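Here is what each chain is made of, one letter per residue.
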Amino acid sequence: MFVNFSLRPIELEASDKVASMIEISPQPERELFGLCAARLDEAGVAEVRQSLAFARSLKSMNSDHPAMHVYMSHPLRVAKLSLQLLSEPLAKTVSLALLHNVFEVSGLTESDLLARGYDEQLARGIRLLTIDRKLQYEPVYLETFYGNIESYSPELVLIKCVDRIDNLLAFQLIERTDRIKTYLELSDRFITPMATRLCPELGQYHSDLIKYMTAIGCDQTLKARYDTFLAENS
């Protein structure tokens, strides 16, 4: 079995996600490297540390993520959850998870990664995970986008699914708009089936998470804390 499903109940995972977004804490990094120490050899842990140091050295070029030190909790969580779910852990997959959004956030390209010693497979994987934001709500585009991910490797599918789950876990902080409703609908249309083909429990979790966040809506108290945190740290 490729995935060893081990996610906790949605309420618990959502609580941890929100905590990571309303304060700067060493917890996401501590959890990642605690798991790395348990599941990877010394060389693997060193590889992951090198990738994290590289990611942290970059400057954000993305107005949606103006402060890299604030944004980093997300890739740390995606890397940790990906490693947690992999039946056979690989440091390269953890590095890919850490760097999964680096092109969009920092403006780097495949050639930049190759120059830093990463191989073409990892650079190609990150490119396939990088969505065209102008087309992100277009079903025809998304059909090809997710199809390319699924054709590439199960590791890439896992990272994309975990990436989406981690984003959805923060939806208590987000006002419901027509665009957000469309995002949820398209996520259920494309991610849920892809996750299910990889691991039925993962697909069910993703589907249940969408239902949970649709029902619970935006928590205005938490959102106010989040907005204050961003204003103070951007």
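Here's what I pulled together on the structure shown here. (Residues numbered from 1 in each chain as written. Predicted model: local features only at pLDDT ≥ 70, side-chain atom pairs only at ≥ 80, totals over all residues. Heavy atoms only, no water.)

1. Section: the overall build of the protein
Operational definition: Only DSSP runs of H or I covering at least 4 residues are called helices, and only runs of E covering at least 2 are called strands; the numbering of each starts at the N terminus. In what follows, residue pairs with any heavy atoms lying within 4.5 Å of each other are defined as contacts. Each accessible area is a Shrake-Rupley result for a 1.4 Å probe, and residues are judged covered by the shown protein chains and nothing else. Neither His nor the chain ends contribute to the count of charged residues, in which Lys and Arg are positive and Asp and Glu negative. We put the charge of a Lys on NZ, of an Arg on CZ, of an Asp on CG and of a Glu on CD.
Helix and strand content of the protein: 14 helices and zero strands. The order of helices and strands in the protein, counted from the N terminus, is α-α-α-α-α-α-α-α-α-α-α-α-α-α. Taken along the three principal axes of its C-alpha coordinates, the protein extends 45 × 40 × 35 Å. The long-range share in the protein, meaning contacts at least 24 apart out of those at least 6 apart in sequence, stands at 72%. Here the protein has roughly 11,400 Å² of accessible surface; of this, 52% comes from carbon and sulfur atoms. One finds the centroid of the 25 positive side-chain charges in the protein at a distance of 2 Å from the centroid of its 32 negative side-chain charges.

2. Some remarks on the side chain of Ser-95
Locating Ser-95 in the fold gives a position in helix α6 (residues 91-98). If near-sequence neighbours (up to four positions away) are discounted, Ser-95 is found in contact with Glu-47, Val-48, Ser-51 and Leu-122.

3. Quick word on the packing of aromatic side chains
The test is simple: Aromatic rings from Phe, Tyr and Trp, taking only the six-membered ring of Trp, are treated as a pair when their centres fall within 6.5 Å; an angle between ring planes under 30 degrees marks them as stacked, one over 60 as edge-to-face, and anything in between as tilted. Think of it as a cone above the ring: NZ of Lys or CZ of Arg counts as a charge over the ring if it is within 6 Å of the ring centre and within 35 degrees of the ring normal.
In the structure shown here, the tally under the stated rule is six aromatic pairs. Cation over ring: Arg-49 sits above Phe-33, and NZ or CZ is 4.0 Å from the ring centre.

4. Concerning the pattern of salt bridges
Going by this rule: Every case where a carboxyl oxygen of Asp or Glu lies within 4 Å of a side-chain nitrogen of Lys or Arg is listed as a salt bridge. Only protein chains enter the accessibility calculation, which uses a 1.4 Å probe; a residue is then buried when its area is under 20% of its type maximum, exposed when over 50%, and partly exposed in between.
Inspection of every chain in the model, using the stated rule, returns eleven salt bridges. Where Asp-166 meets Lys-17, a salt bridge forms, and the shortest distance between an N and an O atom there is 2.8 Å. Of the two residues, Asp-166 is situated in helix α11 (residues 154-168) and Lys-17 in helix α1 (residues 10-22); the sequence distance between them amounts to 149 residues. Relative accessible area serves as the criterion here: at 0%, Asp-166 is assigned to the buried category.

5. Thoughts on the packing of α11 against helix α12 (residues 178-198)
Our working rule: As a rule, the C-alpha atoms of each element are fitted with a line to give its axis, helices using only the stretch in contact, and angles between N-to-C directions run from 0 to 180 degrees. To sort the angles, those under 35 degrees are grouped as roughly parallel, those over 145 as roughly antiparallel, those from 65 to 115 as roughly perpendicular, and the leftovers as oblique. Crossing handedness is read from the near helix: turned anticlockwise from the far helix by less than a right angle, it gives a left-handed crossing, and turned clockwise, a right-handed one.
At a minimum axis separation of 10 Å, α11 and α12 run at an interaxial angle of 140°. As the angle between them shows, α11 and α12 are arranged oblique. Handedness of the α11/α12 crossing: left-handed. Residue-level inspection shows Pro-154, Val-157, Leu-158, Lys-160, Cys-161, Arg-164, Asn-167 and Leu-168 of α11 in contact with α12, the latter providing Tyr-183, Leu-184, Ser-187, Ile-191, Met-194, Ala-195 and Leu-198.

6. What to know about α6
Residues lying three or four places apart along an α-helix face the same way, a consequence of the helix completing one turn every 3.6 residues. Burial of α6 is extensive: seven of the eight residues sit out of reach of the surface. Packed against the buried residues of α6 are α2 (27-39), α3 (42-57), α5 (73-85), α9 (120-129) and α11.

7. Looking at the nonpolar core
One broad trend across soluble globular proteins is that nonpolar side chains are buried collectively. Selection criterion: Among buried residues, those of type Ala, Val, Leu, Ile, Met, Phe, Trp, Tyr and Cys that are joined through side-chain atoms within 4.5 Å constitute a nonpolar core.
Membership of the largest hydrophobic core comes to 72 residues, with the highest contact counts inside it found for Leu-32, Val-48 and Leu-202. Considering each element in turn, this core owes the most residues, nine residues, to α12. Contact partners of Leu-202, with chain neighbours within four places excluded, come to Phe-5, Leu-7, Leu-85, Leu-158, Cys-161, Ile-165 and Ala-195. Formed by seven residues, the second largest nonpolar core is a distinct cluster that contains Met-21, Ala-170, Leu-222 and Tyr-226.

8. Section: the environment of Arg-116
Mapped onto the elements, Arg-116 comes out in the loop between α8 (110-115) and α9. Residues Arg-116 and Ala-67, 49 residues apart in the sequence, show an inter-C-alpha distance of 23 Å.

9. Focus on the state of the cysteines
Which entries qualify depends on this criterion: When two cysteine sulfur atoms are found within 2.5 Å, that pair is recorded as a disulfide.
Evaluation of the coordinates by the stated rule reveals zero disulfides. Between Cys-199, a cysteine without a disulfide, and Cys-161, which holds the nearest cysteine sulfur, the sulfur-to-sulfur distance is 9.5 Å.

10. Re the side chain of Arg-164
The cut-off we apply is this: Pairs of N or O atoms within 3.5 Å make up the polar contacts considered here, provided that, within protein, one atom can donate a hydrogen while the other can accept it, and that residues adjacent in sequence are counted only when both atoms are side-chain atoms.
Tracing the backbone through its elements, the reader meets Arg-164 in helix α11. Buried charge without a salt bridge: Arg-164, with Asp-163 as the nearest opposite-charge side chain at an N-O distance of 5.8 Å. At 3.1 Å, the side chain of Arg-164 forms a polar contact with the side chain of Tyr-146. Here Tyr-183 takes part through its side chain, which lies 2.9 Å from a polar atom of the side chain of Arg-164. Setting aside chain neighbours within four positions, we find Arg-164 in contact with Tyr-146, Tyr-183, Ser-187, Ile-191 and His-206.

11. Things to note about the environment of Asp-166
With 107 residues separating them along the chain, Asp-166 and Lys-59 place their C-alpha atoms 22 Å apart. Other than its neighbours up to four places away in sequence, Asp-166 contacts Lys-17, His-74, Arg-77, Val-78 and Leu-81. Side-chain polar atoms of Asp-166 contact the side chain of Arg-77, separated by 2.5 Å.

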